[in-house]
Amino acid sequence: MKKADIFDYLKWRGDLTFAQSAPNEVDALILSILAYLDFSPVDKHKPVQFREAMRLINEMPDEVKYDGPCLIMHSVVELANAAAAHPRFQEMGVCRFVDITEEEREIQFAAVTFLLSDNTAFLAFRGTDNTLVGWKEDLNMSFTEEIPSQVEAVKYAEHTARQVNMPLRLGGHSKGGNLAIWAGTHLKPEYQQRILAIYNNDGPGFRESFLKSDIYLSVRDRIFSYVPESSIVGVLMEHDEYITIRSANSSILQHNPFSWMILGPHFVCREGRSFSGRKFEKAINTWISSMSVEEREEFVENVYDILASSDAKTINDLDKTKIKSFLSMQKTFREMGVKKQTQLLLSLSKVFFNSDVLVNTPDGVI
């Protein structure tokens, strides 16, 4: 029997507006997923109905319309078109789309605001796309107090709260969930008190000092974090309490939100993480803690330099020119010098040995 997913939810609840049935955790996931779309054809300041926004997006060339995380973008567009055909989403307002990708600043940030029929605003923050700089910024979290996307997320939330005088919800998938929490906790008190909920859908964690800070604790009761039973992303670094949910996929593929199981207006939950999920969580975080901040930074920089030497800008570029990319990266490694080569190999040894990444579990080898 097929397990219900996000498309089944849309068929079941899509006929009711948000004014008739209040937004829930599944709606928050849908709105977070929609942040992966390119809303650049939409007026940034004047709200446009979502169904009109999708008409404009559908007129874009496929290479633009489907540009994003390659494993899910076709499903993202399919979901968006289905949502635009249902009363629940079709008339919501779309505005304040921002999209910033800059190699020099090592930033990949995007966000969009949805104005819902219950007179609330949902600020959706995009997760990591398929750009190399986007992945580099994620890795920078392991040694940087505040990444550029977190700075932009706070600015975005402040400007939106100032212009949109409504109760607020914030959310995102993957890095977007991390940004939603960061933005919500750093808002000025007069805006922060308007926050109804913050939804973190399998987003990476934070430093322990942040989770113990007053700014985090002040909104902790309004933060809802969801992590699939065996997923990896949502348990990277330090994390607070989260709700464990079931997925139709296994291991890291559970990060795909289209695999999450749904029953009515809620995710299907389970008690605790799977055995393989716990082992992988321990392995990854042990690796991170086994390296100093300086070692993490050098490791990330070296890996990125090798990947970027192929002239690839996206993960897709690496895949399209495998031989050329490999030769370019091999050349860069040779030219790094003995010191950097040794440091990189030492860091990799910690990944595979000190962290016990390769372990046998009931679910197989991970």
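Residues numbered from 1 in each chain as written. Predicted model: local features only at pLDDT ≥ 70, side-chain atom pairs only at ≥ 80, totals over all residues. Heavy atoms only, no water.

### Here's the deal with the pairing of strand β3 (residues 107-115)
- In terms of burial, β3 is largely enclosed, as nine of its nine residues are buried.
- Side chains of β3 alternate between two faces, with Ile107, Phe109, Ala111, Thr113 and Leu115 and Gln108, Ala110, Val112 and Phe114 buried alike.
- Note that strand β2 (residues 93-102) and β3 share eight bridges and pair antiparallel. Counterpart to Val98 in the pairing with β3 is Ala111.
- Where β2 hands over to β3, the hairpin turn is made up of four residues, of which Glu106 adopts a positive phi near 55 degrees. (Buried < 20%, exposed > 50% of the residue type's maximum accessible area, 1.4 Å probe, protein only. Helix = DSSP H or I, 4+ residues; strand = E, 2+ residues; numbered from the N terminus. Pairing = 2+ DSSP bridges.)

### Description of the sheet that holds strand β7 (residues 223-228)
- In space, the eight strands of this open sheet follow the order β1-β2-β3-β4-β5-β6-β7-β8, with mixed pairing throughout. Strand pairing shows two members of the sheet lacking a second neighbour, β1 (48-49) and β8 (243-245), which therefore form its edges.
- Here four bridges tie strand β6 (residues 195-201) to β7, and the two strands are oriented parallel to one another. Within β7, the position partnered with Tyr199 by the bridge is Phe224.
- Strands in contact with helix α9 (residues 175-186) are β3, β4 (121-125), β5 (168-173), β6 and β7; relative to β5, the strand with the most contacts, it is inclined by about 150 degrees. (Contact = heavy atoms within 4.5 Å. Axes fitted to C-alpha atoms, helices over the stretch in contact; angles between N-to-C directions.)

### With respect to the confidence of the model for the chain
- On average, the chain scores 83 in pLDDT, and the residues at 70 or more come to 74%.
- For residues 351-366, every residue scores under 50 in pLDDT, and the model assigns this stretch 32 contacts once sequence neighbours within four places are set aside. (pLDDT = per-residue confidence, 0-100.)

### Here's the deal with the packing of aromatic side chains
- This model, assessed by the stated rule, comprises 17 aromatic pairs.
- Taking 5.9 Å as the distance between ring centres and 65 degrees as the angle between the ring planes, the aromatic pair formed by Phe39 and Phe97 counts as edge-to-face. With Phe39 in the loop between α2 (25-34) and β1 and Phe97 in strand β2, this residue pair connects regions lying 58 residues apart in the sequence.
- Using a relative accessible area of 0% as the deciding quantity, one classes Phe39 as buried.
- Relative accessible area serves as the criterion here: at 9%, Phe97 is assigned to the buried category.
- With a centroid separation of 5.8 Å and 25 degrees between ring planes, the pair formed by Tyr199 and Phe224 is classed as stacked. With a gap of 25 residues between them, Tyr199 in strand β6 and Phe224 in strand β7 connect regions that are remote in the sequence. (Phe/Tyr/Trp six-rings, centres within 6.5 Å; stacked < 30°, edge-to-face > 60°.)

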